[in-house]
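Okay, here's what each chain looks like letter by letter:
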Amino acid sequence: MIRFLKRKKYYLIAFIVIMITYYFCLPNPLFRDSYSTVLNDRQGELLSATIAKDGQWRFPESDSVPKKFAEALITFEDKRFWNHPGVDVLSLGRALRQNLNARKIVSGGSTISMQLIRLSRKGKARTFFEKSIEIILATRLELSYSKNEILAMYASHAPFGGNVVGLEAACWRYFGRDGRDLSWAESAMLAVLPNSPSLIHLGKNREALKIKRDKLLDQLMQIGKIDSHTCELAKAEPVPQSPLDLPRYAHHLLVRAMKEGQEQTKVVSTLQLPLQMRIEQVVQDHHQLLKVNQIFNAAAIVIEVNSGNVLAYVGNTSVKEKGNFSEDVDVINAPRSTGSILKPFLYAAMLDEGKILPQTLLPDIPTFINGFAPQNFSKEFDGAVHADQALIRSLNIPAVHLLKQYRYEKFHSLLKNIGMSTLNNPPEHYGLSLILGGAEGTLWDIAGMYASMARVMNNYFEHPGRNRYDKKDFHAPNYFLNLPQSKSKNESSILEENSYLSAASIYLTFDALKEVYRPSEESGWKYFTNSKTIAWKTGTSFGFRDGWAVGVTPRYVVGVWVGNADGEGRPGLTGTETAAPIMFNIFSQLHVNEWFQQPKPEMSEITVCSSSGQRNSSLCQKIDTVWVANSGLQTSSCAYHKKIHLSADQKFQVNSSCEPMEKMVEANWFVLPPVQEFYFRHKNLSYKTLPPFKKECRQGIAFAAMELIYPKPNSHIFVPRDLNGSVGSIVMEMAHHNPTNVVYWHLDGKFIGTTKHSHQLSITPSQGEHKLILVDESGEFLEGEFDVISNH
């Protein structure tokens, strides 16, 4: 009895060990294969894919199988699949009998579950011992997975000939589409392939493959899965001629997704395949034109404003010419010099703080700030220009004056807050050049920043009341559909009274940028005809290396970059000439017919001086009515209109010390500072210069008739040597209200010459401090000091 109990105990222990071994015998996961990285559009259509690391086209596992393929596969491989526990005893008995009769293995009797186990064990010999292991593991498989899961795993890992593994990859390689709409003929062909994958060498075995497929179609008809008519039509379908290339749309986005942690996964993106195809074609068409000028690269992005979702992503052109043109570079995510593309953000910021009105007059004159001497693209000066026109024309000097007033430290912070991720240096590193391309930005960030501004406008009316703003409206674009779009979508909104930029300032900025007839800073006048209302801005980097164009509507933002990825500049490579045409062609592919609603609660309609753009004073002669941000109500009245008194013949200015009151003529006069006036009057023939004071009226008059253009008072000047080794010279320049006056120039107490009309004088100063004194024929004088730090 004791011996029996001991034996029973051993049996129990053995049983427990066997059961534990059985429970843990199934590998988890079942497959440790490498997979292709797959990029799909928002509808699940394939955009692009990479081959797996082992050289196989093996897509990530799918969780479902097309119904027709499942029916064909079960009919061909495992008729009792839905009923057996992983092993079909009847099939095994039949296979054993056939093998004994043939005296060799001619049939395995394997179920789909057993075949799946064999696939996971990678090339084990087909012996009775291995078959026994497959049987055990197949039964264990059935305990862990449902029948549908087993089918899906089999379809994902079955060989379909050559280096094609898995049903989804096979569908694309042989039929050029996914498996959702497989025909009966296609399903039957794919069902027989894993059993004989060599049949897919179509040049040799097409007829054998067709015979095997058609036999399966007959079986499907016999068991009532299809009728005779469907069977005949299916048999009439040809087998594929040869494997097809997989789609290669948005390939740069696929590579980006892999770098961002999505390697060997199926990325369901926000892209729209039909739009992506059209935009790629637009970019490629323009590439054919641009390459004539040795411009080989371009990129474009289309963003849906409200969601921030990317609808089209063209990271670069497809260059067919021989040579290394860096077409693999994803320019959308590559930092490039921004040129003028950041100017709208500064304009909006100045409006938001009430520092300017939309048409405030800004200086456009030679400017020297701590060694920084910005130039307009045209190398010309307007003297003074309205702020909105300076933005439209992308004038550099007025933008620098705005940034100096706003402060580059604040602008640096603003750009980072609204989405610019490439400002890796402190503000002092960029200085005032920040507004002229002194920093690098990506098309991804910049297009996203414009989209964020548009999103603020759209959402402004979604939140009535005092608190209308959610700062999370400023967020980067998103290309994942199967991941959270952004934290702002999953977190509750925190509404505030203010944001980084107000709706009013954004509206006024977009309103200025929707002007289509504008003088280009790059290539004279350009007129883009378009029936759609679009706010758009271009930019060109120094050396003609980067051309930018960004367009905004309430629904879409389109961003375009053109250039050479290696940084080579080309004549004519400007935003207006190269990027803007692509941008407008892309907009022609989009449904655009609405404009932003005006945020009137944040705006006021006021009168302004037509000449200065400032709030009008009683002296302004012509008044305009404009909408401004409420913050602009704090701006001062016009500082340019002055009340003057003229002689009876209106040829001279007079005052009560030299002219009887009854003989004076009172007039309101628009007066610019001398340097601004000097350049302004050449381009504005209607501008009238102040008449000079009558000789006997000059005493005690404090009026600046002259102003130095160069050198500026207290400036430090470097004078290099010429090529022949001699000491170089500088050209001094000044402006006078009355250019016909003779001006006498004195340097360090010595007379050095006179000028008239064009007040310029060339000198060769020595190193050290100098004092310049100018005296005009009326006795007015001007003095200034400067320091020559080197003439070596």
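Since the structure is predicted, the reported quantities are computational estimates derived from the model, not experimental observations.

(A) Representation of the overall build of the chain. Helices and strands together make up the secondary structure of the chain, namely 22 helices and 30 strands. Here the C-alpha radius of gyration of the chain, 39 Å, is well above what a compact globule of 792 residues would show, namely 28 Å. Dimensions of the chain along its principal axes, counting C-alpha atoms only, are 140 × 70 × 70 Å. Looking at the chain as a whole, 53% of its 792 residues qualify as buried. Counting only carbon and sulfur atoms, one obtains 52% of the accessible surface of the chain, whose full area is about 37000 Å². Counting 86 positive and 79 negative side-chain charges, the chain places the centres of these two groups 11 Å from one another.

(B) Region of the structure containing the packing of aromatic side chains. The tally for this structure, following the rule as stated, stands at 20 aromatic pairs. Ring centres of Y460 and F461 lie 5.0 Å apart, and the angle between their planes is 85°; on these two criteria the pair is classed as edge-to-face. On the basis of relative accessibility, which here comes to 2%, the residue Y460 falls in the buried class. On the basis of relative accessibility, which here comes to 29%, the residue F461 falls in the partly exposed class. For the pair Y460 and Y469, a centre-to-centre distance of 5.8 Å together with 55° between the ring planes defines the contact as tilted. Among the aromatic residues, those joined into a ring-pair cluster are Y313, W444, Y479 and F480. Residue placement shows K147 over the ring face of F81; its charged tip is 4.6 Å from the ring centre.

(C) Up close: the side chain of K147. With respect to the secondary-structure elements, K147 resides in helix α6 (residues 147-157). You can call K147 buried: its relative accessible area is 14%. A polar contact is formed between the side chain of K147 and the backbone oxygen of H84, at a distance of 2.8 Å. In this structure, K147 is in contact with F81, W82, H84 and E142, ignoring residues within four places of it in sequence.

(D) Region of interest: the confidence of the model for the chain. Mean pLDDT over the chain works out to 88, with 92% of the residues at or above the 70 mark. In this model residues 484-490 is a low-confidence stretch, pLDDT under 50, and it forms ten contacts with partners more than four residues away in sequence or in other chains. Confidence drops under a pLDDT of 50 for residues 518-527, and excluding neighbours within four residues, the segment shows 33 contacts in the predicted structure.

(E) Here's a closer look at the environment of L402. Inspection of the secondary structure assignment puts L402 in helix α15 (residues 396-406). Judged by its relative accessible area of 6%, L402 falls in the buried class. Dropping the residues within four chain positions of it, L402 is found in contact with L346, M350, I356 and L362.

(F) The sheet that holds strand β18 (residues 556-563), seen in detail. If you walk across this open sheet you meet the five strands as β7-β6-β18-β17-β16, and the pairing is antiparallel. The sheet terminates laterally at β7 (310-314) and β16 (535-540), the two strands that pair on one side only. With strand direction ignored, the average angle separating the axes of adjacent strands in the sheet is 10°. As defined by bridge partners, β16 adjoins strand β17 (residues 546-552) across six bridges and the pair is classed as antiparallel. The partner of T538 across the bridge, within β17, is A549. Against the sheet, helix α12 (residues 273-290) touches β6 (297-304), β7 and β18, its axis set at about 30° to β7.

(G) Quick look at the nonpolar core. I301, L342, F345, F411, L415, Y450 and V557 are the most contacted members of the largest nonpolar core, which totals 81 residues. Tallying contributions element by element places helix α18 (residues 443-460) first for this core, with twelve residues. Those residues in contact with I301 that lie beyond four places of it in its chain are V310, A312, Y313, I332, L443, W444, A447, V557, V558 and G559. Formed by 57 residues, the second largest nonpolar core is a distinct cluster that contains L116, Y154, W172 and L209.

(H) Here's a closer look at helix α7 (residues 167-175). Among the nine residues in α7, nine count as buried, and that is most of the element. Of the positions making up α7, those classed as buried are L167, E168, A169, A170, C171, W172, R173, Y174 and F175. Among the residues trailing α7, G176 stands out with phi positive, at a value near 70°.

(I) Structural view of the packing of helix α4 (residues 112-120) against helix α5 (residues 128-144). At their nearest, the axes of α4 and α5 sit 8 Å apart, and the two run at 110° to each other. Judged by the inter-axis angle, α4 sits roughly perpendicular to α5. In terms of crossing hand, the pair formed by α4 and α5 is right-handed. When α4 is examined against α5, the residues S113, M114, L116, I117 and R118 are found in contact with a partner set consisting of K131, E134, I135, L137, A138, L141 and E142. Its residues assigned to classes, the contact of α4 with α5 shows seven nonpolar, one polar and four charged.

(J) Layout of the sheet that holds strand β29 (residues 768-776). Read across the open sheet, the five strands follow the order β24-β30-β29-β26-β27; overall the sheet is mixed. Because the sheet does not close on itself, it has two edges, and the strands there are β24 (715-718) and β27 (750-755). Strand-to-strand twist of the sheet, defined as the mean angle between neighbouring strand axes without regard to direction, takes the value 30°. Looking at chain direction, strand β26 (residues 743-747) and β27 are connected through five bridges and run antiparallel. Paired with V743 across the two strands is T755, which belongs to β27.

(K) Here's a closer look at the pattern of salt bridges. Scanning the model with the defined rule gives 32 salt bridges in all. The shortest N-O distance in the salt bridge between E142 and K147 comes to 3.1 Å. For the pair E142 and K147, one class covers both residues: buried. Through salt bridges with shared partners, a single ionic network connects D33, D54, R58 and K122.

(L) Quick peek at the pairing of β24. Only one face of β24 is covered, namely the face carrying S715 and I717; the face carrying H716 and F718 is uncovered. Relative to strand β30 (residues 781-790), β24 runs parallel, the two being bridged by four bridges. Opposite I717, over in β30, you have V788 as the bridge partner.

(M) Looking closely at unusual backbone geometry. Note that the residue after N28, namely P29, is joined by a cis bond; omega there is 5°. Positive phi is not limited to glycine here, since A250 has a value of about 50°. Assignment of secondary structure puts A250 in the loop between α10 (228-236) and α11 (251-262). According to the relative accessible area criterion, A250 is buried, its value standing at 3%.

Conventions we followed
- Residues numbered from 1 in each chain as written.
- Predicted model: local features only at pLDDT ≥ 70, side-chain atom pairs only at ≥ 80, totals over all residues.
- Heavy atoms only, no water.
- Helix = DSSP H or I, 4+ residues; strand = E, 2+ residues; numbered from the N terminus.
- Rg over C-alpha atoms; globule rule 2.2 N^0.38 Å.
- Buried < 20%, exposed > 50% of the residue type's maximum accessible area, 1.4 Å probe, protein only.
- Areas by Shrake-Rupley, 256 points an atom, 1.4 Å probe, with all protein chains shown as cover.
- Lys, Arg positive; Asp, Glu negative; His and termini not counted.
- Charge placed at Lys NZ, Arg CZ, Asp CG, Glu CD.
- Phe/Tyr/Trp six-rings, centres within 6.5 Å; stacked < 30°, edge-to-face > 60°.
- Lys NZ or Arg CZ within 6 Å of the ring centre and 35° of its normal.
- Polar contact = N/O pair within 3.5 Å; in protein donor to acceptor, adjacent residues only side chain to side chain.
- Contact = heavy atoms within 4.5 Å.
- pLDDT = per-residue confidence, 0-100.
- Pairing = 2+ DSSP bridges.
- Axes fitted to C-alpha atoms, helices over the stretch in contact; angles between N-to-C directions.
- Core = buried A, V, L, I, M, F, W, Y, C linked by side-chain atoms within 4.5 Å.
- Parallel < 35°, antiparallel > 145°, perpendicular 65-115°, else oblique.
- Left-handed = near helix turned anticlockwise from the far one by under 90°.
- Nonpolar A, V, L, I, M, F, W, Y, C, P; charged D, E, K, R; others polar.
- Salt bridge = Lys/Arg side-chain N within 4 Å of Asp/Glu carboxyl O.

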